[in-house]
Amino acid sequence: LENEDIYLDCLTQSDSYHGDSLGAMNLCEPSVQNEAQHPWYEPRSFSLPSPTLGYRRGQLSISFPEGLEATEKAITSFDSIADAMDINARLLSPRLLSEYREIIEMQWLVYEHKE
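All values derive from a computational prediction rather than experimental measurement.

J.: Quick question: what am I supposed to make of the pattern of salt bridges here?
T.: Pairs can form between side chains of opposite charge whenever their charged atoms are close. Tallied over the entire structure, the rule returns two salt bridges. With a closest N to O distance of 2.7 Å, Glu99 and Arg95 form a salt bridge. Of this pair, Glu99 and Arg95 both sit in helix α3 (residues 95-114), four residues apart, which is roughly one turn of that helix. For Arg95, a relative accessible area of 37% translates into the label partly exposed.

Next up, the structure:
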């Protein structure tokens, strides 16, 4: 970038760590690993928690962080780990993807308007 006054923010995964690389660390949320130890650290990201896949009450399902939940119409339960990891089959029913994309876009809009 030619104009040094331009700063880019990135959407990142919460609780991530990018090592002690100058610049890459700026993509992490403030933590004891970066904020207190490195005077050059400047957070340049908006972090969202990611969904998790696990067994809940005997059912393999995706759980979303509070405030980022998908609707009940989105398929979030699977019969097996193989089914959950079958990207091609999941793309045939894209509701979960479109809902999660919409959630992220809305969170980003809120983030942009806070600055």
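J.: Explain the nonpolar core to me, please; I cannot follow it from the model alone.
T.: Note on soluble globular proteins: their nonpolar side chains tend to be buried together. Counting nine residues, the largest nonpolar core is built from Leu60, Ile62, Phe64, Ala70, Ala74, Phe78, Ala84, Leu96 and Tyr100. Contributing elements (two or more residues each) for this core: β4 (59-63) and α3. The contact partners of Phe78, leaving out residues within four places of it in the chain, are Leu53, Gln59, Leu60, Ile62, Asp83, Ala84 and Arg90. By size, the runner-up hydrophobic cluster in this structure holds five residues, among which are Phe46, Leu68, Ile103 and Tyr111.

J.: Quick question: what am I supposed to make of the packing of aromatic side chains here?
T.: Scanning the entire structure with this criterion turns up four aromatic pairs. Between Phe64 and Tyr100 the ring centres are 5.6 Å apart and the planes differ by 50°, which places this aromatic pair in the tilted class. Here the residue Phe64 occupies a position in the loop between β4 and β5 (77-78), and Tyr100 occupies one in helix α3, the gap between them amounting to 36 residues. Pair check on accessibility: Phe64 and Tyr100 agree, each one buried. Consider the rings of Trp108 and Tyr111, whose centres lie 5.1 Å apart with planes at 45°: the pair is tilted.

About the criteria used
Residues numbered from 1 in each chain as written. Predicted model: local features only at pLDDT ≥ 70, side-chain atom pairs only at ≥ 80, totals over all residues. Heavy atoms only, no water. Salt bridge = Lys/Arg side-chain N within 4 Å of Asp/Glu carboxyl O. Helix = DSSP H or I, 4+ residues; strand = E, 2+ residues; numbered from the N terminus. Buried < 20%, exposed > 50% of the residue type's maximum accessible area, 1.4 Å probe, protein only. Core = buried A, V, L, I, M, F, W, Y, C linked by side-chain atoms within 4.5 Å. Contact = heavy atoms within 4.5 Å. Phe/Tyr/Trp six-rings, centres within 6.5 Å; stacked < 30°, edge-to-face > 60°.

In short, geometric facts, not functional conclusions.
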